[in-house]
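Descriptive analysis of the structure
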Amino acid sequence: MTQHISDSTVLSNGVKMPWLGLGVWKTQNGEEVIQAVKAAIQAGYRSIDTAAAYGNEEGVGTAIKQSGISRDELFITTKVWNSDQGYDSTLKAFDESRRKLGLDVIDLYLIHWPVKGKYKDTWRALEKLYKDGSVRAIGVSNFLVHHLEDLIGQSAVKPMVDQVEFHPLLNQPELRSFCPQHQIQLEAWSPLMQGNLDLPLLTELGAKYGKSPAQIVLRWDLQHGIVTIPKSITAHRIQENGNVFDFQLTQDEMARLDALNKDHRFGPHPDHINF
């Protein structure tokens, strides 16, 4: 059971990945993302999740340099965007991300969405980057079970992570069953439902434990063995989101939270992307 913000899961290749990280989707490049990342690192976070599509890799890189924390203590994730998918174009996109971040090695590189007809060639590029030592781990984002089965069947290296929309209204039972069987670490994006936390059960449990609804959700993630990357640009909220290691939900409470599932997405469905 995770007991500290520095605790990590171990990926299938032995690389350690922190259970809790900062997501920087929709965080503006420049001072906004620099201050958010520095606040997270100061609060004890060691994992930062960005993407080429977020347009803020440069700011993340600047914050890493200014943080005063040794590079080997940090776990940095970025992702190849849909328009860059394909073998050669992915390798080029990776070099651009690495340049913007100012890093020689990326800890985790993900395919951002399962673009039909492209993600297998994209995965071959990720395999090359992994074998060359340019990335410590490779994975995917927004892949459903059928995408994973398709990829695993024709790949030399299995994805180590699948980052998907995951929260009490969309708790992904198929993926929660499939991924552990294949040593794929599941990771939650938009764990806080893009701020839609006004649910009576979250209020009830928050009152019981002296925690915010957001903290209840993040604890629920962790107790399910799901890596989670809540997004915030506010220092006190970043610190609050990291303060989820001093209480534990009961099995009954976990089951009640699970029962909130409505298969409701705040983001796009992976089978119906057109971007």
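Presented here is a report on the structure given in the accompanying data block. (Residues numbered from 1 in each chain as written. Predicted model: local features only at pLDDT ≥ 70, side-chain atom pairs only at ≥ 80, totals over all residues. Heavy atoms only, no water.)

So, on to the pairing of strand S7 (residues 135–141). Counting buried residues along S7, six of its seven residues qualify, which places the element largely inside the surrounding structure. Between strand S6 (residues 106–111) and its parallel partner S7, the chain crosses via helix H4 (residues 119–132), and the hand of that crossover is right-handed. Two elements, S7 and strand S8 (residues 161–165), share two bridges in a ladder whose sense is parallel. Residue serine 141 lies in a different strand from S8, and its bridge partner there is glutamine 163. With helix H5 (residues 145–152) bridging S7 and its parallel neighbour S8, the resulting β-α-β unit is right-handed. (Buried < 20%, exposed > 50% of the residue type's maximum accessible area, 1.4 Å probe, protein only. Helix = DSSP H or I, 4+ residues; strand = E, 2+ residues; numbered from the N terminus. Right-handed = clockwise from strand over helix to strand, strands pointing away. Pairing = 2+ DSSP bridges.)

Attention shifts here to the sheet that holds strand S3 (residues 22–23). Taking strand neighbours across the sheet as the criterion, the eight strands line up as S3-S4-S5-S6-S7-S8-S9-S10 in an open arrangement whose pairing is parallel. The open sheet has two edge strands with one neighbour each: S3 and strand S10 (227–228). Relative to S6, strand S5 (residues 75–80) runs parallel, the two being bridged by four bridges. From the neighbouring strand, lysine 79 faces S6, where its bridge partner is leucine 110. With respect to the sheet, helix H3 (residues 87–101) is in contact with S5, S6 and S7, its orientation differing from that of S6 by roughly 140°. (Contact = heavy atoms within 4.5 Å. Axes fitted to C-alpha atoms, helices over the stretch in contact; angles between N-to-C directions.)

This part covers helix H10 (residues 251–258). For an α-helix, the turn length of 3.6 residues means that residues three or four places apart are oriented alike. Glu253, Met254 and Leu257 are the residues of H10 that are buried. Seen along its axis, H10 keeps its buried residues to an arc of 100°; they face one direction. Buried residues in H10 make contact with helix H7 (200–209) and helix H8 (213–223). (Arc of directions from axis to C-beta.)

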